[in-house]
Amino acid sequence: MGKILTIHGGVPLEGTVRVGGAKNLVPKAMVAALLGDTPSVLRNVPEIKDVTVVRSLLEIHGVKVEQDPETGDLTMDPSQAKSASNQAIDAHAGDSRIPILFCGPLIHSLGEAFIPDLGGCRIGDRPIDFHLEVLREFGAVVDKATDGIRISAPLGLKGAKLHLKYPSVGTTEQVLLSAVRAKGVTEVSNAAIEPEILDLISLLQKMGAIISVHRDRVIRIQGVDKLNGYEHTALPDRNEAASWASAALVTKGDIFVQDAQQRDLTAFLHVYRQIGGEFEVKANGIRFYHPGGDLNPLILETDVHPGFMTDWQQPLVVALTQANGVSVIHETVYENRFGFTDALVRMGATVQVHTDCLGSTPCRFGHRNFKHSAVVVGPAKLVGAEIDVPDLRGGFSHLIAALAAEGTSKVTGIELINRGYEHFMDKLTALGANVELSE
């Protein structure tokens, strides 16, 4: 059954937490080390499961990975890169979607790549077809088998002119990691421009890549024959910062998030203040707190950067259950991100999900029977319940709801939360949460 987290609610979270390197950058930066001819050094590496998975995948492909016991810095030497068995890859990657990003670097280094069935959070389809289409445009040959997908490029990868149907972060990462050593020029339009994408571009430039970012979501890459290793410090995790901010609001607490950066949280901070939360930007982080009084309902739509990020939505919905009035949330990025509200309803929240687009932004999910809009009526009195974590951000949302609820909650499946929140239990304890972990 796994471990059970028992939460005794009603205690405001107060104190300081530090966010580590971004989950949405660090594993991809580790993959990029495969592109270099010399070792790479990555700093500000969080201790999360995704990092462990990618490290294992690198090691079975012959990359020597060493971690400084004091700083946590990773040194990755790809000079002895080699092919790995299907069984080994499958054993290490069964619950991660990162392996799809190994394709370009492995093709450049070894001539082919094997990708097993992919896992990840149950928040939407996230089809890998976008990745495979991109790789085909680069000249790769894709062979599907019962145990996964084998991708090769007998003539090497060649630059291409691409237009993404949707500014997908994962597909943009695939383009970058494949194009930097492809022959010729690659131009991708309607690309993702999230802070983590720009940080990955900075890292690749340090390796010797020729990349330029233009207006209207256009990125151009001039392929080069070889790249060197990098030395890079990962940007802080803006999603973890926003999660702790929502936790402060939900529990009527006061949390200083060390290393949180205002620049990458602008859209979140705007909404946070609209709902009634307060914050203070300091030189080394941001203080988030509930100032007292009622919280305000609002109408909210998620969007790609620079809009309101989808990963911020779930924890904030818990805060909206405590707002005085009716809130409407339209999810435009993932089609299945409101499944976590079932547990909130069992805890006493009033949440209705709809298949209609309840917002002004047309999205891909309208008229397709996906429940991608929600109406939240508050304030609700939350009570403890038994909860099974459905996904990373939904799981965090359940935990902060339980922390604010009256009574005791028992939460299973917390291993999913470890995918994206470093030292999660230690941070909860430091903030004064009344929690117990048992088998």
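- Going by an unreviewed UniProt entry, the protein carries the name UDP-N-acetylglucosamine 1-carboxyvinyltransferase and comes from Glutamicibacter protophormiae.
- Quoted straight from UniProt, the Pathway (unreviewed entry) entry for the protein says "Cell wall biogenesis; peptidoglycan biosynthesis."
- Recorded in UniProt under Catalytic activity (unreviewed entry), the annotation for the protein is "phosphoenolpyruvate + UDP-N-acetyl-alpha-D-glucosamine = UDP-N-acetyl-3-O-(1-carboxyvinyl)-alpha-D-glucosamine + phosphate".

### What to know about the packing of helix α4 (residues 103-110) against helix α6 (residues 169-179)
Thought 1: Packing of α4 against α6 brings their axes to within 7 Å, and their N-to-C directions diverge by 15°. Between α4 and α6, the angle falls in the class roughly parallel. The way α4 lies across α6 gives a crossing that is right-handed. Here Cys103, Gly104, Pro105 and His108 of α4 lie close against α6, whose contacting residues are Gln174, Leu177 and Ser178.
Thought 2: Class assignment for the residues of the contact of α4 with α6 results in 3 nonpolar, 4 polar and no charged.

### Points about the pattern of salt bridges
In a structure, side chains of opposite charge can pair up when their charged atoms sit close to one another.
Thought 1: For the coordinates displayed, the defined rule picks out 22 salt bridges.
Thought 2: Between Asp259 and Arg18 there is a salt bridge, and its shortest N-O distance comes to 3.0 Å. Taken together, the positions of Asp259 in the loop between β14 (254-258) and α9 (266-275) and Arg18 in strand β2 (residues 14-18) put the pair 241 residues apart, joining distant regions of the chain.
Thought 3: When the shortest N-O distance is used, the salt bridge between Lys427 and Glu240 registers 2.6 Å. Taken together, the positions of Lys427 in helix α13 (residues 424-430) and Glu240 in helix α8 (residues 238-250) put the pair 187 residues apart, joining distant regions of the chain. With respect to class, Lys427 is no different from Glu240; both count as buried.
Thought 4: Because the salt bridges share partners, they merge into one network encompassing Asp254, Glu280, Lys282 and Arg287.

### Remarks on the sheet that holds strand β19 (residues 350-354)
Strand pairing in a sheet is mediated by backbone hydrogen bonds. Such pairs are either parallel or antiparallel.
Thought 1: Sheet architecture is open: 4 strands sit in the order β17-β18-β20-β19, paired in mixed fashion. The outermost strands of the open sheet, each flanked by one partner alone, are β17 (299-301) and β19. Looking at each pair of strands side by side, their axes are set apart by 15° on average, direction ignored.
Thought 2: The pairing of β19 with strand β20 (residues 373-378) spans 5 bridges and is classified as antiparallel.

### Brief notes about the side chain of Ser40
Thought 1: Mapped onto the elements of the fold, Ser40 is located in strand β3 (residues 40-43).
Thought 2: A relative accessible area of 0% places Ser40 in the buried class.

### Points about the layout of surface pockets
Thought 1: Approximately 300 Å³ is the volume attributed to the second largest pocket.
Thought 2: Broken down by secondary-structure element, the contributors of at least two residues to the lining of the second largest pocket are α8 and α12 (392-404).
Thought 3: For the lining of the second largest pocket, the class distribution of residues is 12 nonpolar, 6 polar and 4 charged.

### Details of the UniProt feature "binding site: UDP-N-acetyl-alpha-D-glucosamine" (unreviewed entry) in the protein
Thought 1: The feature "binding site: UDP-N-acetyl-alpha-D-glucosamine" (unreviewed entry), as annotated in UniProt, sits at Arg97, Asp311 and Val333 in this numbering.
Thought 2: You can see Asp311 is positioned in helix α10 (residues 310-320).
Thought 3: With residues near it in sequence (within four places) discarded, Asp311 still touches Asn24, Asn239, Arg337 and Arg393.
Thought 4: Looking at where Val333 falls in the secondary structure, it is placed in the loop between β18 (325-330) and α11 (341-346).
Thought 5: When its relative accessible area of 11% is taken as the criterion, Val333 is described as buried.
Thought 6: Aside from chain neighbours lying at most four places away, what touches Val333 is Tyr166, Thr302, Asp303, Val304, Thr310, Arg364 and Phe365.

### A short note on unusual backbone geometry
Thought 1: A cis amide bond links His305 to the next residue, Pro306, at an omega of 15°.
Thought 2: Residue position: Pro306 is located in the loop between β17 and α10.
Thought 3: Residue Pro379 follows Gly378 across a cis peptide bond; omega there is 0°.
Thought 4: In this structure, Pro379 sits in the loop between β20 and β21 (386-388).
Thought 5: Although it is not a glycine, Lys252 sits at a positive phi angle of roughly 60°.

How each quantity is defined
- Residues numbered from 1 in each chain as written.
- Predicted model: local features only at pLDDT ≥ 70, side-chain atom pairs only at ≥ 80, totals over all residues.
- Heavy atoms only, no water.
- UniProt positions renumbered as here; feature names shortened; annotations may be inferred.
- Axes fitted to C-alpha atoms, helices over the stretch in contact; angles between N-to-C directions.
- Helix = DSSP H or I, 4+ residues; strand = E, 2+ residues; numbered from the N terminus.
- Parallel < 35°, antiparallel > 145°, perpendicular 65-115°, else oblique.
- Left-handed = near helix turned anticlockwise from the far one by under 90°.
- Contact = heavy atoms within 4.5 Å.
- Nonpolar A, V, L, I, M, F, W, Y, C, P; charged D, E, K, R; others polar.
- Salt bridge = Lys/Arg side-chain N within 4 Å of Asp/Glu carboxyl O.
- Buried < 20%, exposed > 50% of the residue type's maximum accessible area, 1.4 Å probe, protein only.
- Pairing = 2+ DSSP bridges.
- 1 Å grid on protein atoms, 1.4 Å probe; cavity = no way out; pocket = protein on both sides within 12 Å on 5 of 7 lines; lining within 4 Å.
- Points joined across faces, edges and corners; volume = space filled by probe spheres on them.

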